[in-house]
Amino acid sequence: MADRVPLLAANWKMHKTIEETERFLADFLPRVPDAGPEVVICPPFLSLRTAVEHCAQSRTRVAAQNMHEEPEGAFTGEVSPPMLVELGVDGVILGHSERRQYFGETDEALARKLPAALGAGLEPILCVGENESQRDSDETEGVLTRQIEADLAHVPDDRLADVVIAYEPIWAIGTGRTATPDQAQEAIATIRGLIENRSADAAGAIRILYGGSVKPDNAAELIGRADVDGALVGGASLDPGDFAAIVQAAEPSR
Ligand code: PGA
C-alpha cells in the first residue's frame, strides 16, 4: 500500500456560530491522537479565525468551504484565496455537490479555482460524485471522468498530488445511505486510474477520500479499503465525540 497519510475532514456546512465553534474545539482537540491521521476542520467563513486560533497549538488544521478564484475584485459576497491565507487557513473545499446544486458552481469555475488555490498555498479538497439516477443508469464512471478531467484541467501534472479529492456520491450525502465499502473502493479506484492517465507518481501519492453518511460505526470499514485515504464527514462531524471516534477509526487501518 502506498504511503498516504489518512485525512479526516469535517465539513460543517452552515452549522455552528463562533461560540459553538469554540465549544466544539475545546471538547474535540484533546481527543485527537498525537500521531496518525491528519485532521481538518472546515467551519463557515465567520468561524475560521476562531478555529485557526484554537487549533494553533494542535495538529488539527483548518480549511474553508469555498472561495472565489480571483485575488480581489468586484465580486459581491465572495472571499478570495489571499483573504483565507491571511487568516492562517490551510485549505479549501471546492466543488461540493451542494455548491454545484444550489449555487451554480460549474466545472469551468472549478477549473479556475483549483490552480488559484494551489497558487495561493491552499490545499484544495475537490468534491466529485454522481447522483442517484446517474448511478442507477450506470453513468458513475462517465460522471467522475468528466468532473475529474474538467476540474483538474489547469492543474499541472506535478501539482496533482497536492490536491485532495473527495468522492461523494450525492445519494449518500446527508441521507444515512452510506456507499458500501466496495462501492467506495471501486469509485475511488476509478478516480485514481484517471489521475494515473496523467501521472503515475501523482496517482500513487494523491489522497482520495470518501464522503457521504460516514459515521463512527462505518468509518473503519470504509477507510480500511485499499484506495480510500480518509473521509469528508458532514453530519457526524458536528459532534466532537462522534468526529473523534471517526478519527480514531482511521488509525489502526494503516
Ligand atoms: P454527510 O455529508 O456526512 O452528512 O453525509 C458529507 C458531505 O456533504 O461532505
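What counts, and at which threshold
Residues numbered from 1 in each chain as written. Predicted model: local features only at pLDDT ≥ 70, side-chain atom pairs only at ≥ 80, totals over all residues. Heavy atoms only, no water. Phe/Tyr/Trp six-rings, centres within 6.5 Å; stacked < 30°, edge-to-face > 60°. Helix = DSSP H or I, 4+ residues; strand = E, 2+ residues; numbered from the N terminus. Buried < 20%, exposed > 50% of the residue type's maximum accessible area, 1.4 Å probe, protein only. Lys NZ or Arg CZ within 6 Å of the ring centre and 35° of its normal. Pairing = 2+ DSSP bridges. Axes fitted to C-alpha atoms, helices over the stretch in contact; angles between N-to-C directions. Contact = heavy atoms within 4.5 Å.

A.B. asks: Looking at this model, I keep getting lost on the packing of aromatic side chains. Mind explaining?
C.D. replies: Aromatic rings considered in pairs are described by the distance between their centres and by the relative angle of their planes. Evaluated as defined, the whole model comprises five aromatic pairs. Pairing Phe28 with Phe243 gives two aromatic rings, centres 5.2 Å apart and planes at 25°, and the pair type is stacked. In this pair, Phe28 is assigned in helix α1 (residues 18–28) and Phe243 in helix α11 (residues 240–250), connecting sequence segments 215 residues apart. Each of the two residues, Phe28 as well as Phe243, counts as buried. Across from the ring centre of Trp12, 5.4 Å away, lies the NZ or CZ of Lys16, which sits over that ring.

A.B. asks: Honestly, the sheet that holds strand β3 (residues 61–64) in this entry has me stumped. Any pointers?
C.D. replies: Within a sheet, adjacent strands bond to each other through the backbone by hydrogen bonds, running parallel or antiparallel. Strand order around the closed barrel formed by eight strands is β1-β2-β3-β4-β5-β6-β7-β8, with parallel pairing between neighbours. When the angles between neighbouring strand axes are averaged without regard to direction, this sheet yields 25°. Of the strand pairs in this sheet, strand β5 (residues 123–128) and strand β6 (residues 164–167) are connected by four bridges, and their pairing is parallel. Opposite Ile125, over in β6, you have Val164 as the bridge partner. Relative to β5, helix α7 (residues 140–151) is tilted by about 150°, and along the sheet it contacts β5 and β6.

A.B. asks: When you look at helix α2 (residues 48–55) in this model, what are you seeing that I'm missing?
C.D. replies: Side chains that are three or four residues apart share a direction in an α-helix, a result of its 3.6 residues per turn. Those residues of α2 that sit buried are Leu48, Thr50, Ala51, Val52 and Cys55. Elements that come into contact with the buried residues of α2 comprise α1, β3 and α3 (81–87).

That's the geometry; what it means functionally is another story.
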